[in-house]
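# Observations on chain architecture
Next come the chains, spelled out residue by residue.
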Amino acid sequence: MMNKTIKGRPPVIWLGTNTCAGDMLSLLNSVDPGYQSLITDLIDFRYNYLLGSAEGDMSTGILETAIADLDGQYILVVEGTIPTRSNGLYSVIGNRSGKPLTALQAVRELGAGAQHVVAAGTCASFGGPYAAAPNPSGSVPVQAVLDRRVINVPGCPINPDWMMGTLLHLIHQGEPELDDFNRPKLFYGETIHNLCQRRHYFDNSIFAKNPGEPWCMYKIGCKGPVTYADCPYRQWSGEHLSWPVKANTPCIGCTSPEFPDGVSPFFEHLPDIKLPGIKMTANRFGVLTGAVTAFGIGAHLTGSIITGRLANTIKKDLSGGARQKIVSFFKKLAGK
Amino acid sequence: MKKIVIGPLTRANNSCWIEVAVENKKVVDAWCSGIFFRGFELILQGRDPRDASYLTQRICGICSSVHGTAASLALEDAVGVRPPHNGNLLRNLIMGADFLQNHIRHLFLFSLSDYVTSPEMSPFTPSYSTDKRLPKKTNDVMIQHIFESMEISRLAHELMTLLGGKAPFPHGVLAGGSTVPPSADIIMNFKSKLTKINQFIKSTMMPDVFTLAEAYPDYYEIGCRPPDMLEYGLFSCSEEDRERYFPGGAVIGGQLQKVDTSVIKEYLGKSWYSADAEPQHPSRGQTVPDREKEDAYSWSKAPRYNEMPLEGGPLARLWIRGDYRKGISTMDRIVARALEAEKIGVLMESWVDELEPDKSVFTSFEIPQEAEGSALIGAMRGPLGHWLRIKKGRISHYQIITPTAWNFSPRDDSGRKGPVEEALIGTPIANENQPIEIGRVIRAFDVCSSCSAHVIIPGLPLREMSILP
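Computed from a predicted model, the values in this text were never measured in an experiment. (Residues numbered from 1 in each chain as written. Chains lettered and ligands numbered in written order. Predicted model: local features only at pLDDT ≥ 70, side-chain atom pairs only at ≥ 80, totals over all residues.)

## As for the overall build of chain A
Definition in use: In this text, helices come from DSSP runs of H or I with a minimum length of four residues, and strands from runs of E with a minimum of two, each type numbered from the N-terminal end. Around each residue's C-beta, the other C-beta atoms within 10 Å are counted; 20 or more make the residue buried, 12 or fewer make it exposed, and counts in between make it partly exposed. All C-beta atoms are placed from the backbone. Contacts are defined on C-beta atoms placed from the backbone: any two residues whose C-beta positions lie within 7 Å are in contact.
Within chain A, the regular secondary structure consists of 14 helices and 11 strands. A burial count over chain A gives 57% of its 336 residues as buried. Sequence separation of at least 24 residues holds for 70% of the intrachain contacts in chain A that already meet a minimum separation of 6.

## Here we look at the overall build of chain B
Rules: Restricting the calculation to C-alpha atoms gives the radius of gyration, and the globule rule supplies 2.2 Å times the number of residues raised to the power 0.38.
For chain B, the helix and strand inventory stands at 12 helices and 13 strands. Taking 23 Å as the expected radius of gyration for a compact globule of 469 residues, we find that chain B reaches 21 Å, a close match to that expectation. Oriented by its inertia axes, the alpha-carbon framework of chain B measures out at about 65 × 55 × 40 Å. Within chain B, the fraction of its 469 residues that count as buried is 63%. Counting contacts in chain B only where the partners sit at least 6 residues apart, residues at least 24 apart contribute 75% of the total.

## Description of unusual backbone geometry
Residue and element names in this part refer to chain A. Looking along the chain, the bond that leaves Ala133 and enters Pro134 is cis, with omega of 5°. Tracing the backbone through its elements, the reader meets Pro134 in the loop between helix H5 (122–126) and strand E8 (139–140). In this model, Trp236 is joined to Ser237 through a cis peptide bond whose omega is -25°. Along the chain, Ser237 turns up in the loop between helix H10 (231–234) and strand E10 (273–275). Despite not being glycine, Asn182 has its phi angle at roughly 60°, a positive value. Inspection of the secondary structure puts Asn182 in the loop between helix H6 (160–173) and helix H7 (185–188).

## Brief notes about the sheet that holds strand E1 (residues 2–9) of chain B
Across a sheet, paired strands are connected by hydrogen bonds in the backbone, their directions being either parallel or antiparallel. Residue and element names in this part refer to chain B. Our working definition: Two strands pair if DSSP finds at least two bridges between them. Only the contacting stretch of a helix is used when fitting its axis, a line to C-alpha atoms as for every element, and angles between N-to-C directions run 0 to 180 degrees.
Strand order in the open sheet formed by three strands is E1-E2-E3, and the pairing between neighbours is antiparallel. Of all strands in the sheet, those with a lone pairing partner are E1 and strand E3 (26–33), marking the two edges. The sheet shows a mean angle of 20° between the axes of neighbouring strands, direction not considered. Bridge analysis of E1 against strand E2 (residues 16–23) gives six bridges, and the strand direction is antiparallel. Opposite Leu9, over in E2, you have Cys16 as the bridge partner.

## Description of the sheet that holds strand E6 (residues 255–257) of chain B
All names here are of chain B. The sheet built from three strands is open, its strands ordered E4-E5-E6 with antiparallel pairing. The sheet terminates laterally at strand E4 (229–236) and E6, the two strands that pair on one side only. Along the sheet, successive strands turn relative to each other by an average axial angle of 35°, direction set aside. Alignment of E4 against strand E5 (residues 244–252), held across six bridges, turns out to be antiparallel. In the sheet register, Glu231 faces E5, and the bridge partner there is Gly249. Running at roughly 95° to E5, helix H7 (residues 314–321) makes contact with E4, E5 and E6 of the sheet.

## Section: the nonpolar core
Quick note on the threshold: Only buried Ala, Val, Leu, Ile, Met, Phe, Trp, Tyr and Cys residues enter a nonpolar core, and they are joined through C-beta atoms within 7 Å.
Core analysis: the largest hydrophobic core is formed by 225 residues, its most contacted members being Ile13 and Val107 of chain A together with Ile377 of chain B. Considering every element that reaches this core, the biggest residue donor is helix H4 (residues 85–111) of chain B, with 12 residues. Leaving out residues up to four positions away in the same chain, Ile13 of chain A has contacts with Arg46, Tyr47, Leu63, Ala66, Tyr74, Leu76 and Leu110 of chain A.

## Thoughts on helix H3 (residues 56–69) of chain A
Rule in force here: How far a helix is expected to stretch is found by multiplying one less than its residue total by 1.5 Å. Directions drawn from the helix axis to the C-beta atoms are what define this arc.
Between its first and last C-alpha atoms H3 of chain A spans 20 Å; for 14 residues at 1.5 Å apiece the expected length is 20 Å, and the two agree. Among all positions of H3 of chain A, only Gly56, Ser59, Thr60, Ile62, Leu63 and Ala66 of chain A are buried. Down the axis of H3 of chain A, the smallest arc covering the buried residues is 165°, so these residues share one side. As for H3 of chain A, its buried residues are in contact with strand E1 (11–16), strand E2 (44–48), strand E5 (92–96), strand E6 (99–102) and helix H4 (103–113) of chain A together with E1 of chain B.

## Things to note about the pairing of E1 of chain A
Residue and element names in this part refer to chain A. Of all six residues that make up E1, six are buried, and the element is covered over most of its length. One ladder, built from five bridges, connects E1 with strand E3 (residues 75–79); its direction is parallel. Bridging across to E3, Val12 finds its partner in Ile75.

## As for the pairing of E5 of chain A
Residues and elements named next belong to chain A. Here E5 pairs with E6 via four bridges, running antiparallel. When the sheet's bridge partners are listed, Arg96 is paired in E6 with Lys99. Between E5 and the antiparallel strand that follows it, E6, lie two residues; Ser97 among them carries a positive phi value of about 50°.

## Side note on the interface of chain B and chain A
Interface size is commonly expressed as the accessible surface area that is lost when the partners come together. Where we set the bar: The residue classification treats Ala, Val, Leu, Ile, Met, Phe, Trp, Tyr, Cys and Pro as nonpolar and Asp, Glu, Lys and Arg as charged. All others, Gly included, are polar.
Residue-level contacts link 67 residues of chain B with 67 residues of chain A. Every element with two or more residues in the side of chain B that touches chain A is listed here: E1, helix H1 (40–44), helix H2 (52–55) and helix H5 (136–164) of chain B. If one sorts the elements of the side of chain B that touches chain A by residue count, H5 of chain B sits on top with eight residues. In terms of residue class, the side of chain B that touches chain A is built from 32 nonpolar, 23 polar and 12 charged.

## Quick look at the packing of helix H3 (residues 64–79) of chain B against H4 of chain B
A packed helix pair is summarised by two numbers, namely the angle formed by the two axes and the spacing between the axes. Residues and elements named next belong to chain B. Rules: The scheme is simple: roughly parallel for angles under 35 degrees, roughly antiparallel for over 145, roughly perpendicular for 65 to 115, oblique for anything else. Crossing handedness is defined as follows: a turn of the near helix away from the far one that is anticlockwise and smaller than a right angle gives a left-handed crossing, while the clockwise case is right-handed.
One can describe the packing of H3 onto H4 by two numbers: an axis separation of 8 Å at closest approach and a directional angle of 150°. Judged by the angle between their axes, H3 and H4 are roughly antiparallel. For the pair H3 and H4, the crossing hand works out as left-handed. The residues of H4 that touch H3, namely those facing Ser64, Ser65, Val66 and Thr69, are Arg91, Ile94, Met95 and Asp98. Split by residue class, the contact of H3 with H4 holds three nonpolar, three polar and two charged.

## Some remarks on the packing of helix H6 (residues 184–215) of chain B against helix H8 (residues 330–354) of chain B
Residues and elements named next belong to chain B. Where H6 contacts H8, the axes come no closer than 10 Å and their chain directions differ by 160°. With respect to each other, H6 and H8 are oriented roughly antiparallel. For the crossing formed where H6 meets H8, the hand is left-handed. Grouping the amino acids of the contact of H6 with H8 by side-chain chemistry returns 18 nonpolar, two polar and four charged.

## Some remarks on the environment of Ile18 of chain B
All names here are of chain B. Positionally, Ile18 belongs in strand E2. Residue Ile18 is classed as buried on the basis of its C-beta count, with 26 C-beta atoms lying within 10 Å. Once the C-alpha coordinates of Ile18 and Arg381 are considered, the two residues, 363 residues apart in sequence, prove to be 19 Å apart. Setting aside chain neighbours within four positions, we find Ile18 in contact with Ile6, Leu9, Cys32, Ile438 and Ile442.

## Brief notes about the confidence of the model for chain B
Detailed conclusions should not be drawn from predicted coordinates in areas where pLDDT is low. Residue and element names in this part refer to chain B. Our working definition: Per residue, pLDDT measures the predictor's confidence, with a range of 0 to 100.
In the predicted model, chain B carries a mean pLDDT of 92, and the fraction of residues at 70 or more is 93%. Segment residues 453–469 is flagged for pLDDT under 50; beyond a separation of four residues in sequence, or across chains, it makes 71 contacts in the model. Predicted complex metrics record ipTM = 0.94 and pTM = 0.91.

## Some details on the environment of Thr40 of chain A
Structurally, Thr40 of chain A is set in helix H2 (residues 35–42). For the pair Thr40 of chain A and Glu213 of chain A, spaced 173 residues apart in sequence, the C-alpha separation works out to 43 Å.

## Some remarks on the confidence of the model for chain A
Mean pLDDT over chain A works out to 85, with 79% of the residues at or above the 70 mark. Below pLDDT 50 for its whole length, residues 272–320 of chain A participates in 80 contacts with residues either more than four positions away or in separate chains.

This is the structure:
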């Protein structure tokens with residue numbers, strides 16, 4: 001049975017590498033479809049490190065079967081970052097002929113034969129918290145160990161809809177349209193800032209001074225302006241009840257390639273900025289959102305920071321040379 | 001003597017690796033191994049102290065709010081600030097919801113596959129077929145409950161979302177309190193969901209656990225170890241945090257004592273870290289990962305209390321509270337977890353009623369240049385400690401000792417086994433090709449290897465916790 005596939009329900013192999021399991025747990029929160037519907041009607045959930053009944057060699061045997069018999073037929077989902085230190089021994093996912101099977105090996109082998117490879121969560125997509133400085137396990141994203149396209153579905157954790165939507169898109173409509181970071185545009189096509197219900201508070205400079213206040217979170221660290229995700233529209237979890245800004249806290253940029261290093265401190269309205277020749281902390285920088293997160297910033301936003309309403313605040317917060325350096329940095333970024 | 005390896009042991013919040021030696025169809029020796037390493041404490045150094053409550057949540061997807069709460073309490077301790085009344089209640093509610101989510105998912109999604117004949121579909125297949133004792137009708141009902149439980153545990157995460165913005169990793173858990181004012185609409189939604197969850201626990205989860213206990217009474221005699229347990233106390237009774245609803249305590253040979261953290265030492269002999277010359281109190285001694293170390297077999301260290309391995313979790317908490325003092329076995333651990341879920345659900349109803357809609361939820365504070373703080377609390381799996389030191393307004397040291405480091409620890413330098421290893425000894429193995437008994441014993445501890453593998457960095461003197469009688 002194991003080498004036969006079920007019509008209309010592609011086999012899915014879901015590996016957990018260096019992960020906290022938060023993404024799989026988040027997927028369990030999906031409502032329509034729910035997890036039950038996913039495993040009974042939509043996919044053939046062959047392997048899952050967290051929920052599979054099989055253990056030990058029986059479990060690893062499912063992976064061997066996929067490699068041997070299901071070439072080009074299964075969707076590989078990887079949750080977690082891939083440690084490379086000590087040949088990958090910082091994350092072991094199974095036992096192969098008495099030797100540890102590392103996440104690094106498993107992702108390479110299963111990735112080669114998969115129909116699609118999906119990175120679930122920010123760790124698998126971009127490295128995430130476990131690859132944050134000083135990256136003690138030498139962890140890298142899935143794309144860094146595979147020579148083929150990896151569809152990145154970041155988020156810490158993934159919103160259930162982002163993962164469910166990507167999977168079902170792959171099954172029924174093929175690969176979704178992706179952005180420069182191979183994220184489906186369907187979910188990551190616009191910034192939190194541009195979709196935010198509290199945008200008018202920002203435009204009118206009505207800012208919260210502390211978490212728990214119902215105003216714009218910008219000045220207490222919101223990374224919405226540099227974070228691409230549809231949280232304000234979609235909301236969390238399966239029932240779409242709330243999201244961090246609705247809960248009166250800043251967005252911490254968890255879908256960004258530079259999460260967490262480039263979007264922290266979480267409660268300062270700017271990351272610490274380390275540009276050549278300029279050494280300043282977030283406090284000093286005022287509103288210059290995300291200079292260090294430059295590669296996550298869109299040129300249109302960069303432009304609006306320089307020319308738009310924010311320019312006045314920049315003038316207020318900075319003086320002389322520092323401001324000039326920053327503005328020219330942004331202009332360069334924007335190609336102006 | 002035959003050696004059986006289970007790698008990975010799935011259906012744990014992160015797989016782990018088990019080896020046991022079997023003689024005359026019984027386990028005579030056991031080795032538990034954490035197989036993931038991340039080094040969270042190293043990552044925290046140099047960061048804004050406020051970030052710890054969100055970052056440490058990323059240690060574990062199934063118990064995130066507990067790390068967030070511990071980090072919040074540690075920073076509040078360092079700063080000398082307390083959350084407002086509402087702030088404490090809201091954090092308790094978020095954490096309580098996470099406990100319900102964990103306990104329900106643990107029983108139905110992680111544990112039950114060890115006892116029921118699973119549905120004929122992936123990911124329930126393939127699976128062991130041995131020693132499934134429930135009559136078909138009862139078995140079918142259990143499977144129905146597995147699917148029902150998915151809906152209920154999801155609701156528990158929605159409770160966290162209502163008060164915290166998302167789940168896992170809710171934003172409403174942070175130093176200073178919480179962030180969502182308890183307005184009538186939110187409370188209404190929360191109460192309605194909580195009622196459904198509590199109804200499920202009472203009418204489905206508890207009876208199912210007793211059905212299991214009746215069908216598998218021998219598991220009151222399997223997975224046993226002496227009554228040596230540790231808990232730090234769970235759920236602050238007030239914003240001053242002088243008492244906890246589930247009090248802390250150390251149980252040594254069945255005798256309840258006040259926790260004295262000065263007798264905790266961590267041993268590295270069998271762990272993949274460069275060893276210091278002497279075993280260290282967690283407040284001293286730098287440790288460095290070394291996966292190639294000879295004779296070592298786990299990323300988990302071996303914390304010991306007066307050189308003794310202690311176990312934590314729902315059974316320890318209920319024992320200390322005096323609510324459940326029967327055996328210390330696999331089935332006792334399963335029963336205690338369900339009982340704890342029931343008790344927490346009821347407590348949460350009273351906390352909701354205590355909320356004051358128009359009062360504040362958050363106390364603002366300044367980060368000091370130099371400070372130290374700590375928090376010792378109860379987590380789903382046992383005692384959890386966070387220790388924090390701030391220099392120049394940034395984290396200079398951070399350390400975390402997780403419950404699974406206690407429960408799932410490897411041998412210490414003197415060769416004494418960790419609690420799960422101890423519990424495995426004597427476990428009967430009927431069929432060496434389907435050693436289903438091993439997973440039953442281990443999963444009853446609800447081990448979490450994402451929580452056990454951490455680097456501990458020199459920190460602070462551990463604070464004494466008072467316990468209620």
